[in-house]
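Residues per chain are reported as follows:
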Amino acid sequence: MSEFLTPYLKKIEPYTPGEQPRDMQYVKLNTNESPYPPSPLVKQAISEEEVDKLRLYSDPELKDLIAILAKYHSISTRSIFCGNGSDEVLAMSFMAWGGRCGVAYPDISYGFYPVYANVFNLDSQVIPLDEAYKLNIADVKLDGKMLVFANPNAPTGLSVSLNEIENVLKNNSDSVVIVDEAYVDFGGVSAVELINKYDNLLVVRTFSKSRQLAGARLGYAIGSEQLIDDLNRVKFSINPYNINRLTCIAGVSSVSDNDYFEMCVDKVINTRAHMTDSLRKLGFDVLESNANFVFAKHSSMSGRDIYSALKEQGILVRHFNKERISDFVRITVGTDEETTVLIDKLKLILGEC
Ligand SMILES: *Cc1c(COP(=O)(O)O)cnc(C)c1O
């Protein structure tokens, strides 16, 4: 830290991303990436000609990308905003709406929410999950605060019903409500259908989890024209060319290949079912996941020890050193083959303790 740092930034704790090790080949089940490559259409579209065009700025209005996303969601192009990963969409949302009355988010959820609240110096209301790790928001009172939550939630994989979301929107019409749907394609119910009914709703999506493009950095938001205008006001004040040309092309190609998208999502859902079964047979307590990961704990071994033992065996999973969930590990659903390796190693590990 330098002596020049803005004083309040000295106290913030940045987000800790999952490990991306380069030292050896791990079975990588720690950051909820897709185990499958992007659609073949993505590879075809990123041609030498397009690489040459990198000398030119990308389209600040993102017309092609927004057009195909609007079509995909059957919604107006004026209801879509794209960001450099949904992390950027979320950061810009905190900037746009957090400064009015503050922000609210669950105690156990995506680790970036408290980081954004701190880096933008916002008042926070933390909503505790119940004993079963469920988020009960039906009678939350926001008093104008912006609410953000992941649905399905991370790292639990549990969902909130559309009915509950609608109640929050109705009872808190003075608050922006952000539903982070990073994992919705794996079995959640989307709130997109409520967009035209509630002008205080913003749904955030990403290409990182269900569209095989984590490294391309692409996310987007769907909301009323007014909310989208607010986000554009922030974007055009920070980084108008926020999505690079190759990522634009990759995004358009990905959305245009719906068969491939559905095939990959179906495979993950099938693997998740058999992974959940196998873990339960080994004595794990596994939460019912609607996402591309499972959250599991074992009565005979701590989360930290399972994480370490698996790492020694060449498998990376995620452990959160956090109250209430430190017994758990979060395991990304990979391929069937990766799951077989995982289960075999766990048998070995549990046999030894
Ligand atoms: C992975 C994740 C994101 C970030 O996605 P990017 O688009 O890669 O920035 C946002 N929210 C949740 C809940 C996530 O799990």
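Everything here concerns the structure above.
What this report covers is the structure whose coordinates are included nearby. Numbers given to residues run from 1 along each chain, matching the order in which its sequence is written. With pLDDT at 70 or above as the cut-off, local features in this predicted model cover only qualifying residues; side-chain atom pairs require 80 or more to be listed or tallied, and sums for whole chains, interfaces and linings still use all residues. Only hydrogens and water are set aside when side-chain values are computed; all heavy atoms of the structure are taken into account.

1. What about the environment of lysine 347?
Here is step 1: The helix count covers DSSP runs of H or I at least four residues long, the strand count covers runs of E at least two residues long, and both are numbered beginning at the N terminus. Along the chain, lysine 347 falls in helix 11 (residues 336-352).
Here is step 2: Remark: the alpha-carbon pair of lysine 347 and threonine 247, spanning 100 residues in sequence, is separated by 41 Å.

2. What to know about the environment of valine 317
Here is step 1: Looking at where valine 317 falls in the secondary structure, it is placed in the loop between strand 11 (315-316) and strand 12 (328-332).
Here is step 2: Classification of valine 317 by relative accessible area gives buried; the value is 1%.
Here is step 3: Considered as a pair, valine 317 and glycine 283 are 34 residues apart in the sequence and their alpha carbons are 18 Å apart. Three labels apply to residues, based on accessible area from a 1.4 Å probe with only protein chains included: buried if under 20% of the type maximum, exposed if over 50%, partly exposed otherwise in between.

3. Observations concerning the nonpolar core
Here is step 1: If you look at the biggest cluster of nonpolar residues, it comprises 51 residues, and the most contacted ones within it are Ile80, Cys82 and Leu201.
Here is step 2: Looking at this core element by element, the count peaks at five residues for helix 3 (residues 63-72).
Here is step 3: Whether two residues are in contact is decided by their heavy atoms: any pair within 4.5 Å suffices. Residue contacts for leucine 201: discarding those within four places in its chain leaves Leu169, Val177, Val179, Ala191, Leu194, Ile195, Ile222, Gly223, Ser224 and Leu227.
Here is step 4: One finds Leu29, Ala154, Tyr260 and Leu282 within the second-largest nonpolar core, a separate group that totals 36 residues. As used in this record, nonpolar core signifies buried Ala, Val, Leu, Ile, Met, Phe, Trp, Tyr and Cys residues forming a set joined through side-chain atoms within 4.5 Å.

4. Some points on the side chain of serine 289
Here is step 1: Positionally, serine 289 belongs in the loop between strand 9 (284-286) and strand 10 (293-298).
Here is step 2: Looking at serine 289, the relative accessible area reads 7%, which means it is buried.
Here is step 3: The contacts of serine 289, once residues within four sequence positions are left out, are Gly157, Arg272 and Val294.

5. Brief notes about the sheet that holds strand 10
Here is step 1: Here three strands make up an open sheet; going across it, the order is 9-10-12 and the pairing antiparallel. Two strands in the sheet have a free side with no partner beyond their single neighbour: strand 9 and strand 12. The average undirected angle you get between the axes of adjacent strands in this sheet is 35°.
Here is step 2: Bridging between strand 10 and strand 12 involves five bridges; their strand directions are antiparallel. One bridge is not enough; two strands pair if DSSP finds at least two bridges between them. Orientation is described by lines fitted to C-alpha atoms, with helices fitted over the stretch in contact, and by angles between N-to-C directions that extend from 0 to 180 degrees.

6. Observations regarding the packing of helix 4 (residues 86-101) against helix 7 (residues 225-238)
Here is step 1: With their axes 9 Å apart at the nearest point, helix 4 and helix 7 run at an angle of 105° to one another. Accordingly, the angle class assigned to the pair helix 4 and helix 7 is roughly perpendicular. Here helix 4 contributes Val89, Met92, Ser93, Met95, Ala96 and Trp97 to the contact with helix 7, which in turn contributes Leu227, Asp230, Leu231, Val234, Lys235 and Ile238.
Here is step 2: Considering only residue class, the contact of helix 4 with helix 7 consists of nine nonpolar, one polar and two charged. The scheme is simple: roughly parallel for angles under 35 degrees, roughly antiparallel for over 145, roughly perpendicular for 65 to 115, oblique for anything else. Side-chain classes follow a simple rule in which Ala, Val, Leu, Ile, Met, Phe, Trp, Tyr, Cys and Pro form the nonpolar group, Asp, Glu, Lys and Arg form the charged group, and the remainder, Gly included, forms the polar group.

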